[in-house]
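Close look at the chain arrangement
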Amino acid sequence: METQQMEHTCIVCEQRKKEGIFIVSEFICTDCETEMVHTDAQDAKYPFFIHQLKQIWLHQNNV
């Protein structure tokens, strides 16, 4: 029997995906997680990832 996974909205790319991780209560898709892990701190996309991850803290403190 096949189990259907629910889709969640990724806090980084804002797309709905089925596979990923939760940090606190926010979802990060597998694609974004992989890209973040392999992004160097000198990369132009690094500040974007930091900004998106700050949303976890902001959402947690607004609850």
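Preceding this paragraph is the structure being described.
Residues numbered from 1 in each chain as written. Predicted model: local features only at pLDDT ≥ 70, side-chain atom pairs only at ≥ 80, totals over all residues. Heavy atoms only, no water.

Observations regarding the nonpolar core
Within the largest apolar cluster, 10 residues are counted, these being Cys-10, Ile-11, Val-12, Phe-27, Ile-28, Cys-29, Cys-32, Met-36, Phe-49 and Ile-56. Counting only elements with at least two residues in this core, the list comes to strand E4 (26-29), helix H1 (30-37) and helix H2 (46-61). Setting aside residues no more than four positions away along its own chain, Cys-29 makes contact with Cys-10, Cys-13, Lys-17, Glu-19 and Gly-20. (Core = buried A, V, L, I, M, F, W, Y, C linked by side-chain atoms within 4.5 Å. Buried < 20%, exposed > 50% of the residue type's maximum accessible area, 1.4 Å probe, protein only. Helix = DSSP H or I, 4+ residues; strand = E, 2+ residues; numbered from the N terminus. Contact = heavy atoms within 4.5 Å.)

So, the pairing of E4
Burial of the side chains of E4 extends over both faces: Glu-26 and Ile-28 are buried on one face and Phe-27 and Cys-29 on the other. Pairing between strand E3 (residues 20-23) and E4: four bridges, direction antiparallel. Looking across to E4, one finds that Phe-22 is bridged to Phe-27. Connecting the antiparallel pair E3 and E4 is a turn made up of two residues, with Val-24 showing a positive phi of about 55°. (Pairing = 2+ DSSP bridges.)

What about the packing of aromatic side chains?
A full pass over the atoms with the stated rule returns two aromatic pairs. Aromatic side chains Phe-22 and Phe-27 sit 5.3 Å apart centroid to centroid with 55° between the ring planes, which places their arrangement in the tilted category. Under the relative-accessibility criterion, Phe-22 is labelled partly exposed at 46%. Ring centres 5.8 Å apart and planes at 55° place the aromatic pair Phe-48 and Phe-49 in the tilted group. (Phe/Tyr/Trp six-rings, centres within 6.5 Å; stacked < 30°, edge-to-face > 60°.)

Without other data, these values stay purely geometric and don't point to any function.
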